[in-house]
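# Survey of secondary and tertiary structure
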Amino acid sequence: QVQLVESGGGLAQPGGSLRLSCAASGFTFSDYVLGWYRQAPGKECELVADITSGVGRTNYADSVKGRFTISRDNAKATVYLQMNSLKPEDEAVYYCRAGPIPLDPSGYVCADLVHFGSWGQGTQVTVSA
């Protein structure tokens, strides 16, 4: 069955870096849009970045442009999120998602969107000194 497993979360200091990975199985990885989303307490689900199939066009939230980089390795069926210059406001649970098209999560919490594509279980990112 379809499975997405995130790893790489944890504690980082402000200004620090983390690299998230999401290993996928059970579907043709290269055919799907891959995205990273985050959920902070009391806030809406936010699309952090996504990357298309084929040419791998990327899209970033304004809040992370220039700091985060999404990439995919189709041979390894893995999508990555390199997070640099972390800020306290980046603290959230980060989810990866695979779907046939991009997903705009505006107005929803991530838990309400689990039927739209395939989602991982999430990984906590904490940014604190």
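Residues numbered from 1 in each chain as written. Predicted model: local features only at pLDDT ≥ 70, side-chain atom pairs only at ≥ 80, totals over all residues. Heavy atoms only, no water.

Moving on: the overall build of the protein. A tally of regular secondary structure across the protein gives 0 helices and 11 strands. Over its C-alpha atoms the protein spans a radius of gyration of 13 Å, differing by no more than 12% from the 14 Å that the globule rule assigns to 129 residues. The dimensions of the protein, computed from C-alpha atoms along their principal axes, are 40 × 30 × 25 Å. Across the 129 residues of the protein, 45% fall into the buried class. Considering only residue pairs separated by 6 or more positions, the protein has 59% of its internal contacts joining residues 24 or more positions apart. For the protein, the exposed surface amounts to about 6,500 Å²; the carbon and sulfur share of it is 50%. Of the side-chain charges in the protein, 10 are positive and 12 negative, and the distance between the mean point of each set is 6 Å. (Helix = DSSP H or I, 4+ residues; strand = E, 2+ residues; numbered from the N terminus. Rg over C-alpha atoms; globule rule 2.2 N^0.38 Å. Buried < 20%, exposed > 50% of the residue type's maximum accessible area, 1.4 Å probe, protein only. Contact = heavy atoms within 4.5 Å. Areas by Shrake-Rupley, 256 points an atom, 1.4 Å probe, with all protein chains shown as cover. Lys, Arg positive; Asp, Glu negative; His and termini not counted. Charge placed at Lys NZ, Arg CZ, Asp CG, Glu CD.)

The next thing to look at is the pattern of salt bridges. Applying the stated criterion across every chain, the model contains 4 salt bridges. With a shortest N-O distance of 3.0 Å, Arg-38 and Asp-90 are connected by a salt bridge. In this pair, Arg-38 is assigned in strand β4 (residues 33-39) and Asp-90 in the loop between β8 (78-83) and β9 (92-99), connecting sequence segments 52 residues apart. Just as Arg-38 is buried, Asp-90 falls in that class too. Across the pair Asp-90 and Arg-67 runs a salt bridge, and its minimum N-O distance is 2.7 Å. Residue Asp-90 is found in the loop between β8 and β9, and its partner Arg-67 is found in the loop between β6 (58-60) and β7 (68-73); the two are separated by 23 residues along the sequence. A relative accessible area of 1% places Asp-90 in the buried class. Given a relative accessible area of 10%, Arg-67 falls into the buried group. A cluster of three or more residues bridged by salt bridges with shared partners is formed by Arg-38, Glu-46, Arg-67 and Asp-90. (Salt bridge = Lys/Arg side-chain N within 4 Å of Asp/Glu carboxyl O.)

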